Structure formats: structure tokens, C-alpha cells
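# Residue-level structural notes
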Amino acid sequence: MTQAILIRVTPDDFTRWLDAHNSCEEARKGYGMTDGPVYRDNKDPNIVLVHLQVDDMKRAMEWFKSDTFKEASKRAGQVRREIWIAEQPPMPQPAPVETPPSAHA
């Protein structure tokens, strides 16, 4: 099952935050996270949605306790974060389509 962390980030300075965020991509990989897209709000470009794919949620959450994350947070300036933990539900498989007997002729 695919797991993800979605974070709504509201930095005081988008460029400063983005530089700090991008500088940690390799470090996040060490916690089993793969960077997905970063979206900016249409009405307020200082509001960002970050999508991270996760291999192991327990390990990924350790990232937020790491010294690297704490140092990057200082470089990012004043930032508010709302974190959502998500998983993609299994998709139902369509029923097989049976071919009527008359179609085999």
C-alpha cells in the first residue's frame, strides 16, 4: 500500500523555505522518503503543499526529529506546518467481462 506524507507549509519567505527544503532531498531519502511535487496556492503563493512518498512511515517520521531537519528548519525561517499522514486505498478490481457464446462463432 502506498503511503505518503502531505504537509501544508506556510513560510514567511517562500524562497528561503524552498532553498532549505531542496537542500535536504538526499537526507530525506535516507529516511525512506521520495520527494513528490510541491504545489503553491493560487491565491497565496506563500502557502505550499508538499507531497512525500514514504517507504516506511515509522522511519519517515524520524526525519522530523533529526538534527538535519532541525538545522534546515532554522535556515527556512518562520514556518508553520500542518502534517497529514495518508495511504492510498486498494482500488477495486473490475469484474471480468464474459464474452457471450454467440460471439465465439
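Here the structure is shown first, and the text comes after it.
One structure accompanies this document, and this report is about it. (Residues numbered from 1 in each chain as written. Predicted model: local features only at pLDDT ≥ 70, side-chain atom pairs only at ≥ 80, totals over all residues. Heavy atoms only, no water.)

## Topic: the overall build of the chain
Secondary structure summary: the chain contains four helices and four strands in total. Written out in order from the N terminus, the α and β elements of the chain read β-α-α-β-β-α-α-β. A globule of 105 residues ought to have a C-alpha radius of gyration of about 13 Å, yet the chain, at 20 Å, is considerably larger. Counting every position in the chain, which comprises 105 residues, the buried fraction comes to 29%. Pairs at least 24 apart in sequence give 74% of the contacts found in the chain among residues at least 6 apart. Accessible area for the chain stands at about 7400 Å²; split by element, carbon and sulfur atoms hold 52% of it. Taking the average location of the 14 positive side-chain charges in the chain and that of its 16 negative ones, the two points are 6 Å from each other. (Helix = DSSP H or I, 4+ residues; strand = E, 2+ residues; numbered from the N terminus. Rg over C-alpha atoms; globule rule 2.2 N^0.38 Å. Buried < 20%, exposed > 50% of the residue type's maximum accessible area, 1.4 Å probe, protein only. Contact = heavy atoms within 4.5 Å. Areas by Shrake-Rupley, 256 points an atom, 1.4 Å probe, with all protein chains shown as cover. Lys, Arg positive; Asp, Glu negative; His and termini not counted. Charge placed at Lys NZ, Arg CZ, Asp CG, Glu CD.)

## Focus: the packing of helix H1 (residues 14–22) against helix H4 (residues 67–76)
Two numbers describe how H1 lies on H4: the axes approach to 8 Å, and their chain directions differ by 160°. One finds that H1 runs roughly antiparallel with respect to H4. Crossing of H1 against H4: the hand is right-handed. Facing H1, whose interface residues are Arg-16, Trp-17 and Ala-20, H4 presents Ala-72, Lys-74, Arg-75 and Ala-76. Considered class by class, the residues forming the contact of H1 with H4 number four nonpolar, no polar and three charged. (Axes fitted to C-alpha atoms, helices over the stretch in contact; angles between N-to-C directions. Parallel < 35°, antiparallel > 145°, perpendicular 65-115°, else oblique. Left-handed = near helix turned anticlockwise from the far one by under 90°. Nonpolar A, V, L, I, M, F, W, Y, C, P; charged D, E, K, R; others polar.)

## Let's talk about the pattern of salt bridges
Evaluation of the coordinates by the stated rule reveals five salt bridges. Of the charged contacts, one joins Glu-82 and Arg-8 as a salt bridge, the two residues approaching to 3.1 Å between their closest N and O atoms. Linking Glu-82 in strand S4 (residues 79–87) with Arg-8 in strand S1 (residues 3–11), this pair joins segments that are 74 residues apart in sequence. The partner of Glu-62 in a salt bridge is Lys-65, and the shortest N-O contact between them spans 3.5 Å. Take Glu-62: its relative accessible area is 33%, and that puts it in the partly exposed class. The structure contains a network of salt bridges with shared partners spanning Arg-8, Arg-80 and Glu-82. (Salt bridge = Lys/Arg side-chain N within 4 Å of Asp/Glu carboxyl O.)

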